[in-house]
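The residues making up each chain are set out below.
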Amino acid sequence: LGDRAIVLGHHYQRDEVIEFADITGDSFKLAQAAQAQSTAEFVIFCGVHFMAESADILTSDRQKVILPDLAAGCSMADMATASQVDECWKTLSELGVASTTIPVTYMNSSAAIKSFTGEHGGTVCTSSNAQSAMQWAFTQGEKVLFLPDQHLGRNTAVKSLGLSLDDCVLWNPWKPMGGLTESEIKNAKVILWRGHCSVHGRFSKESIDDVRSRIPEVKILVHPECTHEVVTNSDVVGSTEFIIKTIEAAPT
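Residues numbered from 1 in each chain as written. Predicted model: local features only at pLDDT ≥ 70, side-chain atom pairs only at ≥ 80, totals over all residues. Heavy atoms only, no water.

Draft legend 1. Focus on the overall build of the protein. In terms of helices and strands, the protein carries 11 helices and 11 strands. On C-alpha atoms alone, the protein measures out to a radius of gyration of 19 Å, which is about the 18 Å that the 2.2 N^0.38 rule sets for 252 residues. In terms of overall dimensions, the protein has C-alpha extents of about 60 × 55 × 30 Å along its principal axes. Carbon and sulfur atoms provide 52% of the accessible area of the protein, an area that totals close to 12,800 Å². (Helix = DSSP H or I, 4+ residues; strand = E, 2+ residues; numbered from the N terminus. Rg over C-alpha atoms; globule rule 2.2 N^0.38 Å. Areas by Shrake-Rupley, 256 points an atom, 1.4 Å probe, with all protein chains shown as cover.)

Draft legend 2. Representation of the pairing of strand β8 (residues 168–171) within the structure. Sheet topology places β8 next to strand β9 (residues 190–193); 4 bridges connect them, and they run parallel. Pairing of W171 across the sheet is with W193, part of β9. With helix α8 (residues 182–187) bridging β8 and the parallel β9, this β-α-β connection has right-handed handedness. (Pairing = 2+ DSSP bridges. Right-handed = clockwise from strand over helix to strand, strands pointing away.)

Draft legend 3. Up close: the layout of surface pockets. Estimated volume of the largest pocket: approximately 630 Å³. Together, 34 residues line the largest pocket, and H10, Y12, V48, F50 and M51 are the ones closest to its centre. The residue makeup of the lining of the largest pocket, split by class, is 16 nonpolar, 15 polar and 3 charged. There is about 260 Å³ of room inside the second largest pocket. As for the second largest pocket, its lining consists of 15 residues, of which F203, L221, V222, H223 and C226 are closest to the centre. Sorting the residues of the lining of the second largest pocket by element identifies α9 (205–214) and β10 (221–222) as the ones contributing at least two each. When residues of the lining of the second largest pocket are assigned to their parent elements, the largest contribution, 3 residues, is made by α9. Along the lines of polarity and charge, the residues of the lining of the second largest pocket split into 11 nonpolar, 4 polar and no charged. (1 Å grid on protein atoms, 1.4 Å probe; cavity = no way out; pocket = protein on both sides within 12 Å on 5 of 7 lines; lining within 4 Å. Points joined across faces, edges and corners; volume = space filled by probe spheres on them. Nonpolar A, V, L, I, M, F, W, Y, C, P; charged D, E, K, R; others polar.)

Draft legend 4. Seen up close, helix α2 (residues 27–36). All buried positions along α2 are accounted for by S27, L30, A31, A33 and A34. Projected down its long axis, α2 shows its buried positions confined to an angular sector of 160°, all on one face. Residues of α2 that are buried sit in contact with β1 (5–10), β2 (23–25), β3 (42–46) and α3 (49–58). (Buried < 20%, exposed > 50% of the residue type's maximum accessible area, 1.4 Å probe, protein only. Arc of directions from axis to C-beta. Contact = heavy atoms within 4.5 Å.)

Draft legend 5. Representation of a negative patch on the surface within the structure. On the surface, D86, E87, E94 and E119 cluster together to form a negatively charged patch. For the negative patch, the element with the highest residue contribution is helix α4 (residues 82–94), accounting for 3 residues. Position of E119 relative to the elements: it lies in helix α5 (residues 111–119). (Patch = residues over 30% accessible without salt bridge, like charges linked within 9 Å, V, L, I, M, F, W, Y side chains within 5 Å. Salt bridge = Lys/Arg side-chain N within 4 Å of Asp/Glu carboxyl O. Lys, Arg positive; Asp, Glu negative; His and termini not counted. Charge placed at Lys NZ, Arg CZ, Asp CG, Glu CD.)

Draft legend 6. How the structure looks around the nonpolar core. The biggest cluster of nonpolar side chains holds 38 residues, and the ones touching the most others in it are L8, F45, F50, V104, C125, F146 and V190. Aside from chain neighbours lying at most four places away, what touches V104 is T117, T123, C125, A133, A137, V144, L145, F146 and L147. (Core = buried A, V, L, I, M, F, W, Y, C linked by side-chain atoms within 4.5 Å.)

Draft legend 7. Representation of the sheet that holds β8. Spatial ordering of the open sheet is given by β6-β5-β7-β9-β8, a layout of 5 strands whose pairing is parallel. The open sheet terminates on both sides in strands that have one partner only, identified here as β6 (123–125) and β8. When the angles between neighbouring strand axes are averaged without regard to direction, this sheet yields 25°. Against the sheet, α5 makes contact with β5 (101–106), β6 and β7 (143–147), and its axis sits at roughly 150° relative to β5, the strand it touches most. (Axes fitted to C-alpha atoms, helices over the stretch in contact; angles between N-to-C directions.)

Draft legend 8. Highlighting the packing of α2 against α3. Where α2 contacts α3, the two axes come as close as 8 Å, and the packing angle between them is 35°. Crossing of α2 against α3: the hand is right-handed. Together, S27, A31, Q32, A34 and Q35 of α2 and F50, M51, S54, A55 and L58 of α3 make up the contact between the two elements. Of the residues contributing to the contact of α2 with α3, the split by class is 6 nonpolar, 4 polar and no charged. (Left-handed = near helix turned anticlockwise from the far one by under 90°.)

Draft legend 9. Looking closely at the sheet that holds β3. Across the sheet, 4 strands lie side by side as β2-β1-β3-β4; this open sheet has parallel pairing. One side of each edge strand has no neighbouring strand; the edge strands of this open sheet are β2 and β4 (64–66). Strand-to-strand twist in this sheet, taken as the mean axis angle between neighbours without regard to direction, amounts to 25°. Sheet topology note: the β1/β3 ladder contains 5 bridges and is parallel. Across the sheet, residue V7 finds its bridge partner in β3, namely I44.

Draft legend 10. Summary view of the side chain of T156. Within the secondary structure, T156 sits in helix α7 (residues 150–160). In this structure T156 touches A130, Q131, M134 and L161, once residues within four positions along its chain are discounted.

If you want it as structure tokens, here you go:
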């Protein structure tokens with residue numbers, strides 16, 4: 001296709017895929033890159049479904065975003081469906097707290113969830129700007145409904161904004177009222193959706209302790225999608241782009 005197509009490769013792709021990518025980066029950077037490539041008729045997105053959706057939102061109607069594997073999904077994004085979030089919002093409305101609750105959804109969510117946040121006065125964030133997004137949300141309302149990654153939401157609320165773990169409650173979409181009591185919902189400052197990254201969730205404090213015991217001077221870099229226990233026991237926390245830059249700037 002020559003100049004008619006641009007190939008985008010997410011950081012998490014294998015080397016043999018990245019080899020053919022014109023631009024590499026995280027999901028938001030690649031969505032922005034797709035928007036900037038206004039002359040490309042085809043945008044081939046080597047990533048997962050929500051990433052291609054995001055690129056499709058930002059590109060023009062004449063451009064076609066192609067996801068090579070339509071079955072390529074993100075387990076985290078799949079943990080919050082539009083119908084489940086609508087049911088949650090209905091409950092919050094019945095309890096009289098929806099009007100003071102601002103939804104914030106992580107980039108790693110479906111287009112339907114992103115649309116939901118826009119319709120209800122919320123916003124979409126990345127792992128890099130989750131803190132500023134949540135700070136903004138608290139200027140707009142009294143509570144935040146954070147979707148779909150509980151760990152990014154909890155780490156941002158507690159580590160970045162200084163809230164306590166008790167200020168956060170976990171909404172389970174598979175249970176009535178999210179598995180919470182009326183008072184728990186009304187007293188919470190942050191309602192975290194019960195979603196997570198199945199890969200980042202595999203890291204544990206034991207993983208960190210093991211590495212530190214073997215390499216005393218080691219620096220632990222983690223992504224905020226890791227559990228709160230892992231994040232609080234690490235040295236550096238940040239987005240994929242931040243981690244890459246940190247490693248590039250590190251001493252030999």
